[in-house]
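# Descriptive analysis of the structure
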Amino acid sequence: MTALFSYDYLALAAAACWAVASLLSAHAARHLGAFAFSRWRMFCVSVMLWGAALLTGGWVSLNSHSLSIMAISGLIGIFIGDTALFAAMNRLGPRRASVLFATHALFSALLAYLIFGEIIAGWTLVGCLLLIGGVMTAIFMGKRANETHAWEQDNGSPWLGIALGLLAALCQSVSTLMVKPVMMDELAAVDPVSASAVRMSTAFLAHLFLLWCGWSVAKPAQRINWPIFGMVAMNAFLAMGVGMTLILLALRHGEVGMVAMLSSVSPVLVLPLLWLLTKRRPAHGAWLGAAITVIGAALIVARH
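The model shown is predicted, which means the values in this text are computed figures rather than measured ones.

### Re a nonpolar patch on the surface
- Taken together, Leu110, Tyr113, Leu114, Ile115, Phe116 and Ile119 make up a surface patch of nonpolar side chains, about 650 Å² in accessible area.
- Structurally, isoleucine 119 is set in the loop between helix 5 (104-116) and helix 6 (122-140).

Structural data, given as structure tokens:
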């Protein structure tokens, strides 16, 4: 019961990490471009995670099977998914890109039902519907009239941005479902930090391959500097180093659909942070969505 109960908070803690990290990523991603930003981020987090895995000895828990699963998951969820998300963010802004990415919870719940037979019913289902509806409401209705902040500006084709955002959500769902059987295998007892290190370093090597092939999109839009590198490194630590490791821990004990639902609240957690940074209160619709999300999350956590 304790294990089942604790993973809810691991997923919520991951959402908090992603919320803080997203504010660090917007400027850096536009400065470097989606591919260069992702490549630098993967480099930073790979160094951090492998260092931790070597210090703790967790790397010995990896075997050929877990290595291959984590590597493929990293290619799908991080190399393709994260790059698509930041490309969508560059075109739509973080708020609207977050709307699309939040659909990963719905994809995950559907795929978990089809693959693992996970069923969401009763008050838990009501809580899930409220949570997703609240997140969508908070983001859709979160913009004030005449908003001119750079994070709200379009840049390029909105339809391409929408397609990239949905692709990112689908990749996140598929990659999460892939690692579930590995993480829940008590005999293998795979170390989540080492598992994250494999996923991140695989994505980093894929990014390097594109750069070495001379693909123009992989080249940085502008040269990196120390302030930008600091943003990238902090984002890497919070979002990928801490956030994704918490997700892997949550998947060891929890259901894929529930982990995805609770971790999708990060756009709502961004609201008070944006208020602090921009000195502008979020719109009334954003607070309505936040309240609905809190009620939904409370129903989910109370199910045990």
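Let us keep going from here.
### Overview of the environment of alanine 105
- The topology assignment puts alanine 105 in helix 5.
- Residue alanine 105 is classed as buried on the basis of its relative accessible area of 0%.
- Remark: the alpha-carbon pair of alanine 105 and glycine 165, spanning 60 residues in sequence, is separated by 13 Å.
- Ignoring anything within four residues of it in the chain, the contact list for alanine 105 reads Ile132, Ala260, Met261 and Ser264.

### Quick notes on the packing of aromatic side chains
- Across all of its chains, the model carries seven aromatic pairs by this definition.
- Both rings, one in tryptophan 40 and one in phenylalanine 43, keep their centres 6.1 Å apart while their planes meet at 90 degrees; by these two values the pair is edge-to-face. In this pair, tryptophan 40 and phenylalanine 43 are both assigned in helix 2 (residues 34-56), three residues apart and thus about one turn of the helix distant.
- Note on tryptophan 40: relative accessible area 29%, which makes it partly exposed.
- For phenylalanine 43, a relative accessible area of 36% gives the class partly exposed.
- Of the aromatic side chains, those joined through ring pairs into one cluster are Trp40, Phe43, Phe204, Trp226 and Phe229.

### Looking at the packing of helix 6 against helix 10 (residues 256-263)
- Contact geometry of helix 6 with helix 10 gives a least axis separation of 10 Å together with a crossing angle of 35 degrees. Note that helix 6 runs across helix 10; the crossing there is left-handed. Where helix 6 abuts helix 10, its residues Thr124, Cys128, Leu131 and Ile132 lie against Met258, Met261 and Leu262.
- Classifying every residue of the contact of helix 6 with helix 10 gives six nonpolar, one polar and no charged.

### Details of the pattern of salt bridges
- On inspection of all chains with the given rule, the structure shows one salt bridge.
- Residue arginine 41 is joined to aspartate 82 by a salt bridge in which the shortest nitrogen-to-oxygen separation is 2.1 Å. Placement of the pair is arginine 41 in helix 2 and aspartate 82 in helix 3 (residues 64-92), with a sequence separation of 41 residues.
- The buried category is assigned to arginine 41, whose relative accessible area is 3%.
- For aspartate 82, a relative accessible area of 9% translates into the label buried.

Reading guide: rules and limits
Residues numbered from 1 in each chain as written. Predicted model: local features only at pLDDT ≥ 70, side-chain atom pairs only at ≥ 80, totals over all residues. Heavy atoms only, no water. Patch = residues over 30% accessible without salt bridge, like charges linked within 9 Å, V, L, I, M, F, W, Y side chains within 5 Å. Areas by Shrake-Rupley, 256 points an atom, 1.4 Å probe, with all protein chains shown as cover. Salt bridge = Lys/Arg side-chain N within 4 Å of Asp/Glu carboxyl O. Helix = DSSP H or I, 4+ residues; strand = E, 2+ residues; numbered from the N terminus. Buried < 20%, exposed > 50% of the residue type's maximum accessible area, 1.4 Å probe, protein only. Contact = heavy atoms within 4.5 Å. Phe/Tyr/Trp six-rings, centres within 6.5 Å; stacked < 30°, edge-to-face > 60°. Axes fitted to C-alpha atoms, helices over the stretch in contact; angles between N-to-C directions. Left-handed = near helix turned anticlockwise from the far one by under 90°. Nonpolar A, V, L, I, M, F, W, Y, C, P; charged D, E, K, R; others polar.

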